[in-house]
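# Results of the structural survey
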Amino acid sequence: MSKKELEKLGVEVVEKVLDNNLRVFIVPMSNVSNIYVTFSTDFGSIHNEFVPIDEKKMIKVPDGIAHFLEHKVFEQENGIDPFTFFSERGADLNANTSYVKTTYLFSGIDFFEENIKYLIDFVTTPHFTDENIEKEKGIIEQEIKMYLDDPYTRLYEGILYNTFINHPMKYPIIGSIDSIRSITKEDLFKCYNTFYTTSNMFIVITGNVDPNKTIEILETIDFKNKSDNKKIKLKTYNEPDKVAKEKEILKLNVTIPKATITYKINIKNVKNISETN
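In this text the structure is predicted, and so the values were computed from the model without any measurement.

## Quick word on the environment of Leu 218
Residue position: Leu 218 is located in helix α8 (residues 211–220). A residue is classified by how much of its surface remains accessible, and Leu 218, at 1% relative accessible area, is buried. Residues Leu 218 and His 71, spaced 147 residues apart in sequence, show a C-alpha to C-alpha distance of 25 Å. Look past the residues within four positions of Leu 218 in its chain and what remains in contact with it is Leu 18, Val 24, Ile 116, Ile 120, Ile 203 and Phe 223.

In structure tokens:
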């Protein structure tokens, strides 16, 4: 276990890599009463071409599958609803998917040990069936249609789509209706078994906790997704400096016209800030 001072923030970060290769970061804050816990995997919407665990051939999975998987992880075979579990203990539960990671999180004052054990338990016990996957497709399709009517989402996603040529960041995190409809149970298990392993995940805990006791709790947990430190092979993309499309006009039912602009810059041509000072 190591410690690192973040002087400008006035906090200390305690870091520990467990025997199962899970990375743990703890920021103890004795001046607060709440505890905030995130359990994340380095799997986001851009990671849709990779070599599955214990396989040799690279595959491409449907766009939006990381977000779809986030939804399905909450489905439990025993019928327990994770949201109800945390609510009964005075805690808030949520999750989110970005371009590069998926995070499950809770915050609360009491029942810390019970809550963190259950968070890890439900995230590491997936229950995918053909029936519950088909049901989820309808739910996410409605979510996609809602975003299609939102001008700010359309602006943001349009900018990315027109900026990138090869990189998957050009596509919405949530995917498209067509891509969501093509997701299968086998796709979900390939993604889960590859990316939802302890060597590809990390936990961040902030708040009124004792780092030593917290590490002791985590070390007693039997992680069902423990793994060695194998590196996941991801597809790399050769992204040109030019943009896919310089200008586009969208026609939506809005009261005030809106506009957005972006610049595409090759970071290889950007000097380190410290070098310019």
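## Description of the sheet that holds strand β1 (residues 2–6)
Taken in spatial order, the seven strands make up an open sheet running β1-β2-β3-β9-β4-β8-β7, and their pairing is mixed. Edge positions in the sheet fall to β1 and β7 (92–97), since each has one partner strand and no second. Adjacent strand axes in the sheet meet at a mean angle of 15°, parallel and antiparallel pairs treated alike. Here strand β4 (residues 35–41) runs beside strand β9 (residues 201–207); their pairing, made up of seven bridges, is antiparallel. In the strand pairing of β9, Thr 38 is matched with Val 204.

## Notes on a negative patch on the surface
A cluster of acidic residues, Asp 19, Asp 210, Glu 216 and Glu 219, forms a negative patch on the protein surface. With respect to the secondary-structure elements, Asp 19 resides in the loop between β2 (11–17) and β3 (23–28).

## Structural notes on the environment of Ala 259
By secondary structure assignment, the location of Ala 259 is in the loop between α8 and α9 (273–276). Judged by its relative accessible area of 75%, Ala 259 is exposed. A C-alpha to C-alpha distance of 7.6 Å links Ala 259 and Leu 155, two positions 104 residues apart in sequence.

## A few points about the pairing of β2
Pairing geometry for β1 and β2, over five bridges, is antiparallel. Bridging across to β2, Ser 2 finds its partner in Glu 15. Counted along the chain from β1 to the antiparallel partner β2, the turn is four residues long, and its residue Gly 10 has a positive phi close to 70°.

## Quick word on the packing of helix α1 (residues 65–73) against helix α7 (residues 185–195)
Where α1 meets α7, the closest approach of the two axes is 10 Å, and the angle between their N-to-C directions is 90°. As the angle between them shows, α1 and α7 are arranged roughly perpendicular. Contacts between α1 and α7 involve Ile 65, Phe 68, Leu 69, Lys 72 and Val 73 from the first element and Asp 187, Leu 188, Cys 191 and Tyr 192 from the second. Of the residues contributing to the contact of α1 with α7, the split by class is seven nonpolar, no polar and two charged.

## What about the nonpolar core?
In this structure, Leu 119, Phe 122 and Tyr 196 are the most contacted members of the largest nonpolar core, which totals 54 residues. For this core, the element with the most residues is helix α3 (residues 112–123), which contributes seven residues. Apart from residues no more than four positions distant in its own chain, Leu 119 is found in contact with Val 37, Phe 39, Phe 86, Leu 93, Tyr 104, Leu 105 and Phe 106.

## Concerning the packing of α3 against α8
Interaxial distance between α3 and α8 falls to 11 Å at its minimum, and their mutual angle equals 40°. When the axis of α3 is compared with that of α8, the two are oblique. Crossing geometry of α3 relative to α8 is assigned as right-handed. On the side of α3, the interface is formed by Phe 112, Glu 113, Ile 116, Lys 117 and Ile 120, while α8 contributes Thr 214, Ile 217, Leu 218 and Thr 220. Its residues assigned to classes, the contact of α3 with α8 shows five nonpolar, two polar and two charged.

## Structural notes on α8
Buried within α8 we find Pro 211, Thr 214, Ile 215, Ile 217 and Leu 218. Along α8, the residues classed as buried sweep out an arc of 155° about the axis, all on the same side. Projecting away from the buried face of α8 at angles above 90 degrees are the exposed residues Lys 213, Glu 216 and Thr 220. In this structure, the buried residues of α8 make contact with β2, β3, α3 and β9. The residue sitting at the N-terminus of α8 and contributing the capping side-chain oxygen is Asp 210; that oxygen lies 3.0 Å from the backbone nitrogen of Asn 212.

The rules we used
Residues numbered from 1 in each chain as written. Predicted model: local features only at pLDDT ≥ 70, side-chain atom pairs only at ≥ 80, totals over all residues. Heavy atoms only, no water. Helix = DSSP H or I, 4+ residues; strand = E, 2+ residues; numbered from the N terminus. Buried < 20%, exposed > 50% of the residue type's maximum accessible area, 1.4 Å probe, protein only. Contact = heavy atoms within 4.5 Å. Pairing = 2+ DSSP bridges. Axes fitted to C-alpha atoms, helices over the stretch in contact; angles between N-to-C directions. Patch = residues over 30% accessible without salt bridge, like charges linked within 9 Å, V, L, I, M, F, W, Y side chains within 5 Å. Areas by Shrake-Rupley, 256 points an atom, 1.4 Å probe, with all protein chains shown as cover. Salt bridge = Lys/Arg side-chain N within 4 Å of Asp/Glu carboxyl O. Lys, Arg positive; Asp, Glu negative; His and termini not counted. Charge placed at Lys NZ, Arg CZ, Asp CG, Glu CD. Parallel < 35°, antiparallel > 145°, perpendicular 65-115°, else oblique. Nonpolar A, V, L, I, M, F, W, Y, C, P; charged D, E, K, R; others polar. Core = buried A, V, L, I, M, F, W, Y, C linked by side-chain atoms within 4.5 Å. Left-handed = near helix turned anticlockwise from the far one by under 90°. Arc of directions from axis to C-beta. Polar contact = N/O pair within 3.5 Å; in protein donor to acceptor, adjacent residues only side chain to side chain.

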